[in-house]
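Topology and contacts: notes
The primary structure of each chain is shown beneath.
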Amino acid sequence: EKGMYPHFMLKEMDEQPGVIRKILQAYENEQGELAMDENIVNAFNEADRLYIIAAGTSYHAGLIGKHYFEKIAGIPVEVHISSEFGYNMPLLSEKPLFLFITQSGETADSRQVLVKIKALGYPSITLTNATGSTLSREADHTLLLYAGPEIAVASTKAYTAQVAVLAIAAYVVAKKRGKTVEIDLKKELAITANAIQTLVDSKEEMEQIAHEFLAVSRNAFFIGRNLDYYVSLEGALKVKEISYIQAEGFAGGELKHGTIALIEEGTPVFAIVTQQAVSLNTRGNVKEVVARGANPCILSMEGLEEENDRFVLPKVHALLTPLVAVIPLQLISYYAALHRGCDVDKPRNLAKSVTVE
Ligand code: F6R
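Residues numbered from 1 in each chain as written. Predicted model: local features only at pLDDT ≥ 70, side-chain atom pairs only at ≥ 80, totals over all residues. Heavy atoms only, no water.

As named in an unreviewed UniProt entry, the protein is Glutamine--fructose-6-phosphate aminotransferase [isomerizing], taken from Sporosarcina psychrophila. The annotation that UniProt attaches to the protein under Subunit (unreviewed entry) is "Homodimer." Of the protein, the UniProt comment under Subcellular location (unreviewed entry) reads exactly: "Cytoplasm". (UniProt positions renumbered as here; feature names shortened; annotations may be inferred.)

Next up on the list: the layout of surface pockets. Computed from the structure, the largest pocket encloses a volume of approximately 610 Å³. Surrounding the largest pocket, 27 residues form its lining, G56, T57, E241, A351 and V354 being those nearest its centre. Secondary-structure elements contributing two or more residues to the lining of the largest pocket are α4 (56-73), α6 (108-119) and α11 (227-243). In terms of residue count, the dominant contributor to the lining of the largest pocket is α11 (four residues). Taken together, the residues of the lining of the largest pocket sort by class into nine nonpolar, eleven polar and seven charged. (1 Å grid on protein atoms, 1.4 Å probe; cavity = no way out; pocket = protein on both sides within 12 Å on 5 of 7 lines; lining within 4 Å. Points joined across faces, edges and corners; volume = space filled by probe spheres on them. Helix = DSSP H or I, 4+ residues; strand = E, 2+ residues; numbered from the N terminus. Nonpolar A, V, L, I, M, F, W, Y, C, P; charged D, E, K, R; others polar.)

So, about the packing of aromatic side chains. One pass over the full model with this rule turns up eleven aromatic pairs. The interplanar angle of 40° and the centroid separation of 5.6 Å between the aromatic rings of Y229 and Y230 together place this pair among those described as tilted. Taking relative accessible area as the criterion, Y229 reaches 27% and is therefore assigned partly exposed. The buried category is assigned to Y230, whose relative accessible area is 18%. With a centroid separation of 5.0 Å and 80° between ring planes, the pair formed by Y334 and Y335 is classed as edge-to-face. In this structure, Y334 and Y335 share a single accessibility class: buried. Taken together, the aromatic side chains of Y51, F85, F98, F100 and Y122 make up a single cluster linked through ring pairs. Here K116 stacks its cationic end above the ring of Y87, 3.8 Å away from the centre of that ring. (Phe/Tyr/Trp six-rings, centres within 6.5 Å; stacked < 30°, edge-to-face > 60°. Buried < 20%, exposed > 50% of the residue type's maximum accessible area, 1.4 Å probe, protein only. Lys NZ or Arg CZ within 6 Å of the ring centre and 35° of its normal.)

Given a rise of 1.5 Å per residue, 16 residues ought to cover 22 Å, and the 22 Å separating the end C-alpha atoms of helix α9 (residues 185-200) matches this to within 8%. All of the buried residues along α9 are L185, E188, L189, T192, A193, A195, I196, L199 and V200. Projected down its long axis, α9 shows its buried positions confined to an angular sector of 165°, all on one face. Buried-residue contacts for α9 involve α1 (8-14), α2 (16-26), α8 (157-176), α10 (203-214), β10 (311-313) and α13 (321-339). (Expected span 1.5 Å × (residues − 1). Arc of directions from axis to C-beta. Contact = heavy atoms within 4.5 Å.)

This next bit is on the sheet that holds strand β5 (residues 141-144). One open sheet holds the five strands; their spatial order is β2-β1-β3-β4-β5, and the pairing between them is parallel. Both edges of this open sheet fall to β2 (77-81) and β5, since each of them pairs with a single strand only. Here the strands of the sheet are splayed against their neighbours by 20° on average, with no regard to which way each runs. In terms of strand pairing, strand β3 (residues 96-101) meets strand β4 (residues 124-128) through four bridges, oriented parallel. Following the sheet pairing, F98 is matched in β4 by S124. α4 rests against β1 (49-54), β2 and β3 of the sheet, and its axis sits at about 175° to β2. (Pairing = 2+ DSSP bridges. Axes fitted to C-alpha atoms, helices over the stretch in contact; angles between N-to-C directions.)

Printed below as a string of structure tokens:
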């Protein structure tokens, strides 16, 4: 039920701090440490390479999952779009493990991959919001999101839940492998939940930004580097699917290799700046588009902000910035769609679960 909310999407965005807290409880052992099913930990631990298979928003979460498993747990990862993987399988490692990320657990594109890799005898895990869903039943193991039902077609809380559970999985596997883990993930996720709360409470500011940048524009760009690039992809998808504005997420440095030709007077460019190592590079890319007339909207993390940034994100651990950077983009998409009179919860041409290939 929507209750007092005009749209499920708004309700589901608001639920995100609670979802992170729920996940922290669900993945805790009796000693209060982050933990998960020992069989699943062993499956990750035994793999020489993780293959993440997903579509759409879940694919975007998978890109962040790759960062976590490689940086925290030291396991090489490939992330693949499910509709491509099944029909053009890459050379596989000797001991692959397949991780299917699917909110609904019903996506046909992802299922066809599961059927194929099972026939080859490879182990599989499904990360899903839906117990008893097809991909949950058919994979060897299931990891749950605990996000509660997501009704709006545009995925919001499932994405943040996916990112949080991927971080926890990478962390637990790293501990199992005896790796030195720098981050106190439990503490940092709790801080992140509070930061998300601050952001969902900044709706007026986000509505203002949507109005200022997306009220009449035909197109928009989202740029960032490293983790910020992955969030840019997700921000652009949100804008496209509910407001029908042509939006592209781009790696900051890649624009100048062709796409910058699309920048005109007033083109909105949202830039995400949360990663210190590349913040100046991204700012350099903003200068390049501004020189061609773009209207920049810089969202930077506290500690990295500069004078003309449009919004400063509350500070969280560098690995967890996608969980906060995505929130303004979700809200901006929502308000852009509202202003343009679009059906926010049921955008045209889309279905909540895509059960055809
Ligand atoms: C976008 C969106 C879709 C889904 C995609 C995969 O907001 O919801 O891109 O992420 O169709 O769906 P699942 O995760 O159910 O496999």
